[in-house]
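In case you want the letters, here they are:
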Amino acid sequence: MPKIASSYKTIFFLLVFCAFGAKSVAQETEETTLLSYLKSLEKEYNVRFSYVREEVEEVTLKPLSKESGSIENVLSYLRKNTPLIYHRINERYITITSTENDGSLCGRIIDFETQLPLEGATIFSENNSFNTITNAEGFFYIPSQYKNANFTVSFVGYSSIKKNTSSLSKGCSAILLIPSVSQLEAVMVQNIFTKGIDKNLDGSILFSTEHFGLLPGQVENDVLQIAQALPGVESVDETISNINIRGGTHDENLLLWDDIKMYQSGHFFGLISALNPDITKNITIYKNGTNARYGEGVSGVIDMHSKNTISSKTEADIGFNLINGNGFLNIPISQTLGIQVAARKSINHLWESPIYNSYTKRIFQDSEISNIENTENNVAITTDENFSFYDFSTKLLWDISEQDKVRINFLTIDNSLDFTETLEINSQSKTSELDQRSLLGGVSWNRLWNDNLETTVLAYGTYYLLDAINKDIFTTQEQIQKNEVLETGAKLDAIIGLSQTIKFQTGYHFSEIGIANTQDVNLPRFRNYEKNVLRTHVLFAGLNYISINQKTSVFGGVRGNYFSKFDKILVEPRLSLNQKLGNGFAVEVLGEFKSQSTTQRIDFESDFLGIEKRRWVLADEENTPIIKSKQASAGLVYSKKGLLMNLEGFYKIVENINSANQGLQNQFQFSKSIGNYTVKGAELVVNKKTKTFSTWLSYVYSKNDYEFENLEPSTFANNLDVQHSATLAGTYSWNALKIALGLNWHSGKPYTIPLENFGTTTEGGVTSIQYDAPNNERLPDYFRADLSAEYLWKLSPSIDAKINIALLNLLNTENTINIRYALARDENNQVSVNQIEEISLGITPNFSFQVLF
């Protein structure tokens, strides 16, 4: 890490520069428009003003200095110096009305989900004594003589609501309208950890990146890194491409982007998310009690969505960090047509930053690239690698009418590596290549037939390719390996509102999955090509119930899968129950049956240059059966006055796993035995929040064991058996500054050592390692401290700059994340056992700069 010290100097310089820059920009002009001043206040104090544009755009004033103090001081100043009325609805929303309506009762109609105003909503009294509609900003006014009159608010596509004028005020009270068929969705229990993370009544966790807070070690909203902040969600090797939910492997997670399945999740072969943070707005994670519409993913679901509404104005941002540059553009072409475009590209072809070098060193450990010496030939070799990645996504939004919405999505992801070896003795060189790419596309049509019926139709396709060519520098041997996945399908979903408290959801999904694997060697000549295709028909139905007082919620359903190739039907019940007990307490019970037909297999540690060793395979009901899981959990929740405590116990069994798919690095490495694993444990979360500070502690205990009847011993610890895991973190925000610090610790995962004094054995001329009991040893405990900071810099009334700085592994702790053993042969042709260790990332600084328009 010779460049780390110089990187600190660079970061320190940037901090000083930003501090002086912020001071100079903070100097206010003598006079400005109220409209511009309000926009700057929204950024500075993280509030939102609601107003009629025509009423504020002609008002001018001299702004207060940045040292003016709280928002209340600013509001007091505005009330004295402008001819308008300011009413603070809650901590975030402030309404502004004209004094012309001073004698009227005022209200504002807002969409519950988007928090945007609704224009054209109808307000009418019971006796028809008054009626009116909302203006462009959602405001309406009622004469003050109707101080105790009942009225109804109605709007197409939303559930009508009855109110009394006594609930209104001259300060414009907010009234939230809920989309009619969405009113029984799993509404939030409480915001947890930091702004933008919410726990829902059905047990799922919702991430909203548009107004996200800050987590330790992050310079951008990498959604798959953020997911690992949750208890029970972690990566034993620090990668995005190996997320483990309650002891499951990464391929047991269902990853969806705008309801289209993804088969690739990472850039840099797993160190950063393959999804651009600019276009990913909402992420829902299920660990149990999964909604019946989701199939596959026996361990968990990560459902990611881009923004689904047409913006009222053009939005854009452009930025960079020490790994990549990125940009985003959201253009409303008209009121009914909009387009979103996002792109990201690695910058190492311009500059290889310290973090790029750290990532390179980390990801190429224990691969063909790191093994540059051939002791058998005793010849010096130099190497050079050329790596790049990019992703590009676009979305067309067309609101044909108030009832009909069409969306067209496209996403492409690409990782490319060229690895050149050169013999120093004669300068002869050969280049090996590795490409990993994905293409996703879909067309959806959503129709709101009436207040109680909504349907969505989606046609989609997704393609994945892992392609490698490995050229031996000493011979003419070339090995070609390919793994291809093509999935096409259609989904029909319907939501029917049966009553004020009950919603019925149903649907039909069809998919056709084809997976091909190619192995081609020119010397000695060998070629193997396997292709399997599986068609699946799915019917599901469920009932969602939320009591009128919202104390009882039940989400139940059943999913039926028909696999035509096997003439097999699997029925999967799902349940999620939440019951409030009073005084902040609630109990929750969740359960599910699930299955999946795709999984990943590791044949050899050297496959695909030893970097991305896993290949997708399809169930054949012989060597690879359909994987099934059962899970149950129960928990107690306490949520009151900014304090959240959640204790949950769980039990999960996953059946029909193949030992070849588990990445075993011991005597069972090449075995193909069918078995199961069982994981049981408990998760504890304690989170305390104030207006400016949030701190949380999470702890997970679990025990995860394999059982393979045909292996001896048949029961041993799972590769992912991390029995203890804990996180202690906190975030602090003050005006435009945010700081986050976190500590992550977990016990070591298991590994297998060779027998002492009997490391190898030779039979039939083939030497192999003699191992001790499988997974009987433990890696040292893992510990990492992370720090991050964010500052929002006001460049102008319409342009902001966001600066983020992060230090991953702040204390530069050396963590061993894997140990395996391999045979090594010296120049005398003597065989010995070589221990191979993988070490975690050391101290890794990162910096990002983003301009928001």
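Look up: the structure comes first, before these words.
**Some points on the packing of helix α2 (residues 34-45) against helix α4 (residues 71-81)**
The N-to-C vectors of α2 and α4 enclose an angle of 170°; their axes lie 12 Å apart at closest approach. Between α2 and α4, the interaxial angle falls into the category roughly antiparallel. For the pair α2 and α4, the crossing hand works out as left-handed. In this structure, α2 contributes Leu34, Tyr37, Leu38, Leu41 and Tyr45 to the contact, and α4 contributes Ile71, Val74 and Leu78. Along the lines of polarity and charge, the residues of the contact of α2 with α4 split into eight nonpolar, no polar and no charged.

**Some remarks on the packing of aromatic side chains**
Going through the model one piece at a time under the given rule, you end up with 16 aromatic pairs. Where Phe268 meets Phe389, the ring centres are 6.5 Å apart and the plane angle is 55°; that geometry is what we call tilted. With Phe268 in the loop between β20 (266-267) and β21 (272-273) and Phe389 in strand β27 (residues 381-399), this pair connects stretches of sequence that are 121 residues apart. Residue Phe389 is classed as buried on the basis of its relative accessible area, which comes to 1%.

**Concerning the nonpolar core**
The nonpolar side chains of a soluble globular protein tend to be buried with one another. With 39 residues, the main nonpolar core has Phe268, Ile323, Tyr359, Leu417 and Leu434 as its most contacted residues. Only α6 (354-363), β27, β30 (453-471), β32 (502-522), β38 (615-618) and β51 (799-808) provide two or more residues apiece to this core. Counting 38 residues, the second-largest nonpolar core is a separate cluster that includes Phe193, Ile205, Ile243 and Val685.

**Looking at a nonpolar patch on the surface**
Taken together, the side chains of Trp445, Trp449, Val457, Leu492, Tyr508 and Leu539 make up a nonpolar region of the molecular surface, amounting to roughly 580 Å² of accessible area. Within the secondary structure, Leu539 is located in strand β33 (residues 525-546). We classify Leu539 as exposed; its relative accessible area is 57%.

**Some remarks on the sheet that holds strand β8 (residues 131-133)**
Ordered by their spatial adjacency, four strands build an open sheet running β8-β7-β10-β11, and the pairing between neighbours is antiparallel. Both edges of this open sheet fall to β8 and β11 (161-164), since each of them pairs with a single strand only. The sheet shows a mean angle of 20° between the axes of neighbouring strands, taken without regard to direction. Two strands pair when backbone bridges link them, and strand β10 (residues 150-154) and β11 are joined in this way by four bridges, in the antiparallel orientation. Note that in β11 the partner of Phe151 across the bridge is Lys163.

Basis of the calculations
Residues numbered from 1 in each chain as written. Predicted model: local features only at pLDDT ≥ 70, side-chain atom pairs only at ≥ 80, totals over all residues. Heavy atoms only, no water. Axes fitted to C-alpha atoms, helices over the stretch in contact; angles between N-to-C directions. Helix = DSSP H or I, 4+ residues; strand = E, 2+ residues; numbered from the N terminus. Parallel < 35°, antiparallel > 145°, perpendicular 65-115°, else oblique. Left-handed = near helix turned anticlockwise from the far one by under 90°. Contact = heavy atoms within 4.5 Å. Nonpolar A, V, L, I, M, F, W, Y, C, P; charged D, E, K, R; others polar. Phe/Tyr/Trp six-rings, centres within 6.5 Å; stacked < 30°, edge-to-face > 60°. Buried < 20%, exposed > 50% of the residue type's maximum accessible area, 1.4 Å probe, protein only. Core = buried A, V, L, I, M, F, W, Y, C linked by side-chain atoms within 4.5 Å. Patch = residues over 30% accessible without salt bridge, like charges linked within 9 Å, V, L, I, M, F, W, Y side chains within 5 Å. Areas by Shrake-Rupley, 256 points an atom, 1.4 Å probe, with all protein chains shown as cover. Salt bridge = Lys/Arg side-chain N within 4 Å of Asp/Glu carboxyl O. Pairing = 2+ DSSP bridges.

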